[in-house]
Amino acid sequence: LISISEFFQSHWWKMLLGVVLFIITYHVTNRTPKGKFFWDRVKLRLPLFGKLLRKIMLSRFAHYFSILYSSGIGIIESFQIIRRVVGNEVLRAAIGRCADSVERGGTIYESLKAESTFPPLVLRMIQVGETTGELDKSLQKVSQYYDKEVPASIKKMFTIFEPMLILIMGGIVLF
């Protein structure tokens with residue numbers, strides 16, 4: 001405990017400098033397209049938060065795609081609008097590739113399946129919607145599912161954090 005205290009007393013400025021450099025690096029690189037893509041990919045790969053972010057993005061995708069499709073806007077134009085709404089460069093790039101694939105004559109299901117971004121549930125619902133001609137209703141169901149899943153995931157995260165924080169605090173006191 002004394003060694004840890006001495007370490008923090010003698011190297012506090014290095015740790016502060018590291019945090020400041022990280023923040024500056026993040027802000028500078030996040031202004032470039034490649035940097036934004038890199039950080040968005042990092043965010044999606046975070047252990048607990050990545051899954052939550054992916055669910056939020058998929059909910060937005062399904063919600064807006066459903067609204068645009070049901071209002072009579074074409075699929076390609078819908079994809080272009082959705083790209084601006086999703087808020088993540090990784091998903092934005094995937095939707096752009098899907099729009100190109102659909103424009104070349106592929107189905108929505110096939111173009112989304114080629115991307116690893118979309119989970120099987122979304123793919124199956126889109127396939128069913130395309131087959132039955134009720135894509136907007138299938139997308140609404142996907143959106144409703146994720147709208148329920150996001151709060152449940154947040155609740156699950158807090159449920160996991162509670163015992164973990166108690167164990168950390170107990171470890172600190174024990175130490």
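Overview of the structure. Model, not experiment: these values are computed from the prediction.

**A few points about the packing of helix α2 (residues 33–45) against helix α5 (residues 89–103)**
So, point 1. At their nearest, the axes of α2 and α5 sit 7 Å apart, and the two run at 105° to each other. Taken together, the axes of α2 and α5 are roughly perpendicular relative to one another. Contact with α2, carried on its side by Lys36, Phe37, Asp40, Arg41 and Leu44, involves Glu89, Val90 and Ala93 of α5 and no other residues of that element.

**Side note on α2**
So, point 1. End to end, α2 covers 19 Å across 13 residues, agreeing with the expected 18 Å (1.5 Å per residue, within 8%).
So, point 2. Contacts from the buried residues of α2 go to α1 (2–29), α3 (49–70) and α5.

**Re the layout of surface pockets**
So, point 1. Quantified by volume, the largest pocket comes out at close to 170 Å³.
So, point 2. In terms of lining, the largest pocket is formed by Phe37, Arg41, Leu44, Arg45, Arg54, Val90, Ala93, Arg97, Glu115, Ser116 and Thr117.
So, point 3. Of all the secondary structure elements, the ones that give two or more residues to the lining of the largest pocket are α2 and α5.
So, point 4. Its residues assigned to classes, the lining of the largest pocket shows four nonpolar, two polar and five charged.

**A look at the pattern of salt bridges**
So, point 1. If you walk through the whole model with that rule in mind, you get five salt bridges.
So, point 2. With a closest N to O distance of 3.2 Å, Glu149 and Lys55 form a salt bridge. One end of the pair, Glu149, is in helix α8 (residues 135–174); the other, Lys55, is in helix α3, and 94 residues separate them in sequence.
So, point 3. Residue classification places Lys55 among the buried positions, given a relative accessible area of 18%.
So, point 4. Measuring nitrogen to oxygen at the nearest pair gives 2.5 Å for the salt bridge that ties Glu89 to Arg92. Taken together, the residues span about one helical turn, with Glu89 and Arg92 both in helix α5 at a distance of three residues.

**Re the side chain of Asp40**
So, point 1. Note that Asp40 resides in helix α2.
So, point 2. On the accessibility criterion, Asp40 (3% relative accessible area) is buried.
So, point 3. A polar contact of 2.7 Å, which involves the side chain of Asp40, links it to the backbone nitrogen of Glu89.
So, point 4. Not counting chain neighbours up to four residues away, the residues in contact with Asp40 comprise Gly87, Asn88, Glu89 and Val90.

**Here's the deal with the packing of aromatic side chains**
Within a pair of aromatic rings, the relevant descriptors are the distance that separates the centres and the angle that separates the planes.
So, point 1. Using the criterion set out here, one finds eleven aromatic pairs in the structure.
So, point 2. Each ring, one from Phe7 and one from Phe8, has its centre 5.8 Å from the other, and the planes form 75°; the classification is edge-to-face.
So, point 3. Owing to a relative accessible area of 42%, Phe7 belongs among the partly exposed residues under this scheme.
So, point 4. Relative to Phe161, the ring of Phe49 has its centre 6.4 Å away and its plane inclined at 35°; by these criteria the two rings are tilted.

**Some points on the environment of Leu68**
So, point 1. Along the chain, Leu68 falls in helix α3.
So, point 2. Look at Leu68 and you get buried, because its relative accessible area is 11%.
So, point 3. Measuring from C-alpha to C-alpha, the distance between Leu68 and Pro163 comes to 43 Å, with 95 residues separating the pair along the chain.
So, point 4. If we skip the residues at most four places from it in the chain, Leu68 touches Ile73, Ser78, Ile81 and Ile82.

Reading guide: rules and limits
- Residues numbered from 1 in each chain as written.
- Predicted model: local features only at pLDDT ≥ 70, side-chain atom pairs only at ≥ 80, totals over all residues.
- Heavy atoms only, no water.
- Axes fitted to C-alpha atoms, helices over the stretch in contact; angles between N-to-C directions.
- Helix = DSSP H or I, 4+ residues; strand = E, 2+ residues; numbered from the N terminus.
- Parallel < 35°, antiparallel > 145°, perpendicular 65-115°, else oblique.
- Contact = heavy atoms within 4.5 Å.
- Expected span 1.5 Å × (residues − 1).
- 1 Å grid on protein atoms, 1.4 Å probe; cavity = no way out; pocket = protein on both sides within 12 Å on 5 of 7 lines; lining within 4 Å.
- Points joined across faces, edges and corners; volume = space filled by probe spheres on them.
- Nonpolar A, V, L, I, M, F, W, Y, C, P; charged D, E, K, R; others polar.
- Salt bridge = Lys/Arg side-chain N within 4 Å of Asp/Glu carboxyl O.
- Buried < 20%, exposed > 50% of the residue type's maximum accessible area, 1.4 Å probe, protein only.
- Polar contact = N/O pair within 3.5 Å; in protein donor to acceptor, adjacent residues only side chain to side chain.
- Phe/Tyr/Trp six-rings, centres within 6.5 Å; stacked < 30°, edge-to-face > 60°.

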